[in-house]
Amino acid sequence: ALQTKTDHPDSVASKLIKSIEELTQESQGPTRKAMVRKGMQTRNIHIISPCNTGIFPEKVVFQWKPLEKLRTLNLAIKSLSPLSSYSLQLAPDSDTFTPTPDKAELQPGITYYWKLTGADETGKTYNSRTCWFTILSGEQVNTLQEELQAIEHMKDISRKERDFLTANLYLAYKLHDWGRPILAAYPNDKGMQAILR
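The rules behind each value
- Residues numbered from 1 in each chain as written.
- Predicted model: local features only at pLDDT ≥ 70, side-chain atom pairs only at ≥ 80, totals over all residues.
- Heavy atoms only, no water.
- Helix = DSSP H or I, 4+ residues; strand = E, 2+ residues; numbered from the N terminus.
- Expected span 1.5 Å × (residues − 1).
- Buried < 20%, exposed > 50% of the residue type's maximum accessible area, 1.4 Å probe, protein only.
- Arc of directions from axis to C-beta.
- Contact = heavy atoms within 4.5 Å.
- Pairing = 2+ DSSP bridges.

Asks: Quick one: what's the story with helix α3 (residues 138–152), residue by residue and with numbers?
Replies: If you check α3, its first and last C-alpha atoms are 21 Å apart, about what 15 residues at 1.5 Å a residue would give, namely 21 Å. Turning to α3, its buried residues number three or more, namely V141, L144, L148 and I151. Along the axis of α3, the buried residues cluster in a sector spanning 85°; they form a single face. Exposed residues lying more than 90 degrees from the buried face of α3 are E139 and E146. Structurally, α3 contributes buried residues whose contacts are with α4 (159–172).

Structure representation (structure tokens):
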């Protein structure tokens, strides 16, 4: 009987995992393999913040590492629900942008995605990876501060237990930039490192 050749299940799974990894890397910029294959140099704009985190309302500032060779620089901010899109031309040598309501009206509780694109004098394009952020509401900030004070006033708990509760509280509010350094301060603690991952 003629049998059709099929991939072994483990082989299919490994191909799927490899495909997902490549897709993830593509969203962060060109992979090393792709750069070698295409013979191109890295042309990325490095985002500093906010990147995949919640932020406080008074700290809505976009930061990146500037590229001297850029002649144009564009910042795109989008949300999917509700659907909104902002596209702003920035000074090519800039490294920060603070949105104002007339430029981009950003609301608390919405997940926004942002990316930078630019071009040099020869027309070569440069991109950042896409990062998300969400802005805490005033009510969330007040509640968070109350909860942080409650943790600080707890008696009979160690510094490590206090840090554990604080880091988890930050992560509950999607404040990854605040929770990550606390967890990273315990490199030998398996529980802290599991949360960090």
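Asks: An account of the pairing of strand β9 (residues 131–135) is requested, with residue identities and associated values reported.
Replies: Most of β9 sits inside the fold, with four of its five residues counted as buried. By the bridge criterion, three bridges tie strand β2 (residues 53–55) to β9 in an arrangement that is parallel. The residue bridging T53 from the neighbouring strand is F133, located in β9. Sheet analysis places strand β7 (residues 111–120) next to β9, joined by four bridges and oriented antiparallel. Directly across from T111, in β9, lies its bridge partner T134.

Asks: Which residues make up the sheet that holds strand β1 (residues 46–49), and what values do they have?
Replies: Each strand in a sheet pairs with its neighbour through backbone hydrogen bonds, running either in the same direction (parallel) or in the opposite one (antiparallel). In space, the three strands of this open sheet follow the order β1-β3-β6, with antiparallel pairing throughout. Strands with a single pairing partner mark the edges of an open sheet, and in this sheet they are β1 and β6 (96–97). Where strand β3 (residues 62–65) meets β6, two bridges bridge the pair, whose relative direction is antiparallel. From the neighbouring strand, Q63 faces β6, where its bridge partner is T96.

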